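# Remarks on the overall topology
Below, each chain spelled out in residue letters.
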Amino acid sequence: MGYGQQDSQELLSYLLDGLHEDLNRVKKKPIVETKDSDNRPDEIVAAEAWENHLKRNRSKIQELMHGQFKSTLDCPDCKRISITFDPFMMLSVPIPNIEYSKFFAYFIYANNKKLPSKVNLVMPSNATATEVAAKLSQLTKVPANHIVMGLVKEHRLVEFVEKDATAHYIKEHPGILFCYEIPGLATNEGGMAIEDKKNFLIKVYISAEPKAFYESEKTISYTRLITVEPLDTLRTVYIKIFEKLRPQFNNYFVKQNLPSQVDLDNRDWQTIEKEYDKLFSEENESKWLYKLFFRDENPQSKAKSKPCNVLDENEKFSTFVQKNGSTEQYMTFEVKISKNTKTELLGLNQCTELPTGDGDEPDPSRGYTIYDCLDLFTRKEKLEKGNEWYCN
């Protein structure tokens with residue numbers, strides 16, 4: 001060991017390794033070949049690796065103190081997954097020194113009769129979006145595979161949150177975290193809801209027409225999301241947008257002591273369709289609470305928003321998108337509240353606060369168990385291009 005300063009773990013490792021070599025019953029060590037897993041079952045690959053280890057190592061130290069752990073490398077470029085089983089005599093596990101990120105989120109329920117909830121969260125800074133979704137699922141009792149997360153800046157959803165995004169990234173982002181309960185979507189391996197090839201999430205912005213010549217149009221409420229299915233017509237899309245705003249229209253009528261034109265206790269599609277037809281009939285256009293526009297948000301497109309009332313509402317949404325040379329990913333709708341509508345009566349941004357019990361950061365002085373250390377040791381890490389294990 002020379003004259004260098006060593007700690008007790010290194011000393012013990014040096015002594016045990018020396019004892020193992022002195023007691024090793026294998027005097028002539030063969031050369032062994034390490035084979036790739038090639039999608040074979042873990043049990044077979046592990047047994048093969050252990051057999052190779054025993055061909056070179058047989059002693060009382062090996063019998064008592066040698067073990068094996070599984071290592072998985074997942075290349076973010078070529079998507080190749082390499083699995084190996086490596087022997088060990090000692091495990092150097094890290095002692096947790098966790099930094100926390102404190103941020104808040106708004107949770108939008110699928111049942112829009114239920115007000116959105118503001119949720120205060122305290123998460124380890126390196127916690128993934130999948131873990132944030134699991135925490136929200138625990139608090140709201142909504143399955144994680146029904147939760148879609150996005151970052152909203154100035155009332156516009158600017159980015160969907162990827163499953164590997166960290167709590168630190170969410171906190172530092174200029175946008176606010178909005179979490180939408182959307183049943184029926186596909187899920188990724190972490191259990192988070194994602195778009196699939198059958199159903200698409202379409203953004204719906206809420207703005208208000210200027211009431212005076214010196215005012216400009218502005219977005220006044222957070223982005224709504226609707227699910228569009230392959231066979232949906234434009235009319236179906238319009239009614240889905242209307243359905244998202246029914247509670248606000250109910251507020252509008254009730255606060256003016258007028259008979260409500262919507263029945264929030266009845267969520268039957270036929271009922272919603274009748275309400276839509278009554279409120280947005282052609283002969284009643286001057287009293288429409290809003291007008292609907294569409295726009296292609298493709299960065300390469302310079303198209304401006306266009307009114308929807310010039311479209312054939314019986315046309316399939318997918319056909320409409322293709323005709324406009326766009327994709328579902330970039331097609332958005334905008335609800336423009338009519339200037340005669342008193343927006344303050346709609347209650348577009350009402351919410352309640354959801355108690356979480358997460359006041360301050362967890363107390364680091366509480367102490368850690370061996371399981372905390374093992375959990376940190378086994379946490380998945382993302383390889384950067386400078387890492388020597390990164391696939392070239």
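Report on the accompanying structure. (Residues numbered from 1 in each chain as written. Predicted model: local features only at pLDDT ≥ 70, side-chain atom pairs only at ≥ 80, totals over all residues. Heavy atoms only, no water.)

Moving on to the sheet that holds strand S12 (residues 290-296). Pairing is mixed in the open sheet, where five strands are placed in the order S11-S10-S14-S12-S13. Across the chains shown, the open sheet's two edge strands, defined by having one partner strand only, are strand S11 (218-228) and strand S13 (306-307). Against the sheet, helix H6 (residues 234-244) makes contact with strand S10 (200-208), S11, S12 and strand S14 (331-337), and its axis sits at roughly 125° relative to S11, the strand it touches most. (Pairing = 2+ DSSP bridges. Helix = DSSP H or I, 4+ residues; strand = E, 2+ residues; numbered from the N terminus. Contact = heavy atoms within 4.5 Å. Axes fitted to C-alpha atoms, helices over the stretch in contact; angles between N-to-C directions.)

Moving on: the nonpolar core. Ranked by size, the top nonpolar core spans 39 residues in total, and within it Phe242, Tyr290, Phe317, Phe333 and Val335 carry the most contacts. Counting only elements with at least two residues in this core, the list comes to S10, S11, H6, helix H7 (246-254), helix H8 (269-279), S12, helix H9 (317-323) and S14. For this core, the element with the highest residue contribution is H6, accounting for six residues. Residues contacting Tyr290, with those up to four places away along its chain left out, are Tyr238, Phe242, Leu245, Phe249, Phe280, Val335, Lys336, Ile337 and Ser338. Ranked by size, the runner-up nonpolar core spans 24 residues in total, among them Phe107, Val119, Ala127 and Leu139. (Core = buried A, V, L, I, M, F, W, Y, C linked by side-chain atoms within 4.5 Å. Buried < 20%, exposed > 50% of the residue type's maximum accessible area, 1.4 Å probe, protein only.)

For side chains of opposite charge, pairing can occur when their charged atoms come near one another. Inspection of every chain in the model, using the stated rule, returns 15 salt bridges. Salt-bridge contacts for Glu21 lead to Lys29; the nearest nitrogen and oxygen are separated by 3.2 Å. Glu21 gets classed as partly exposed once you look at its relative accessible area, which sits at 36%. The exposure class assigned to Lys29 is partly exposed, which follows from its relative accessible area of 34%. (Salt bridge = Lys/Arg side-chain N within 4 Å of Asp/Glu carboxyl O.)

Examined bridge by bridge, strand S5 (residues 147-153) and strand S6 (residues 156-160) share four bridges and lie antiparallel to one another. Considered in S6, the bridge of Gly150 is made with Phe160. Joining the antiparallel neighbours S5 and S6 is a turn of two residues, in which Glu154 adopts a positive phi near 50°.

Taken in spatial order, the six strands of this open sheet run S6-S5-S7-S3-S4-S15, and their pairing is mixed. Pairing within the sheet leaves two strands with one partner each, and these edge strands are S6 and strand S15 (352-354). Geometrically, the sheet is characterised by an average inter-axis angle of 40° between neighbouring strands, direction not taken into account. Sheet topology note: the strand S3 (residues 100-108)/strand S4 (residues 117-124) ladder contains eight bridges and is antiparallel. Considered in S4, the bridge of Tyr106 is made with Lys118. Across the face of the sheet, helix H4 (residues 129-140) comes into contact with S3, S4, S5, strand S7 (176-181) and S15 while running at roughly 135° to S4.

Take the environment of Pro210 next. Tracing the sequence through the fold places Pro210 in the loop between S10 and S11. Taking the relative accessible area as the measure of exposure, Pro210 reaches 28% and is therefore partly exposed. Separated by 126 residues in sequence, Pro210 and Lys336 have C-alpha atoms that sit 9.8 Å apart.

Bringing empty space enclosed by the protein into the picture now. Following the criterion strictly, the structure yields one cavity of 30 Å³ or more and no others. Taken as a whole, the largest cavity spans an internal volume of roughly 30 Å³. Every element with two or more residues in the lining of the largest cavity is listed here: S12 and S14. Tallied by class, residues from the lining of the largest cavity come to four nonpolar, one polar and three charged. (1 Å grid on protein atoms, 1.4 Å probe; cavity = no way out; pocket = protein on both sides within 12 Å on 5 of 7 lines; lining within 4 Å. Points joined across faces, edges and corners; volume = space filled by probe spheres on them. Nonpolar A, V, L, I, M, F, W, Y, C, P; charged D, E, K, R; others polar.)

Moving on to H8. The set of residues buried in H8 consists of Thr271, Ile272, Glu275, Tyr276 and Leu279. Within H8, the buried residues cover an arc of 135° as seen down the axis, which keeps them to one side. Projecting away from the buried face of H8 at angles above 90 degrees are the exposed residues Gln270, Lys274 and Lys278. For H8, the elements touching its buried residues are H6 and H7. If you check the start of H8, you find a side-chain oxygen 3.1 Å away from the backbone N of Gln270, and it comes from Asp268. (Arc of directions from axis to C-beta. Polar contact = N/O pair within 3.5 Å; in protein donor to acceptor, adjacent residues only side chain to side chain.)

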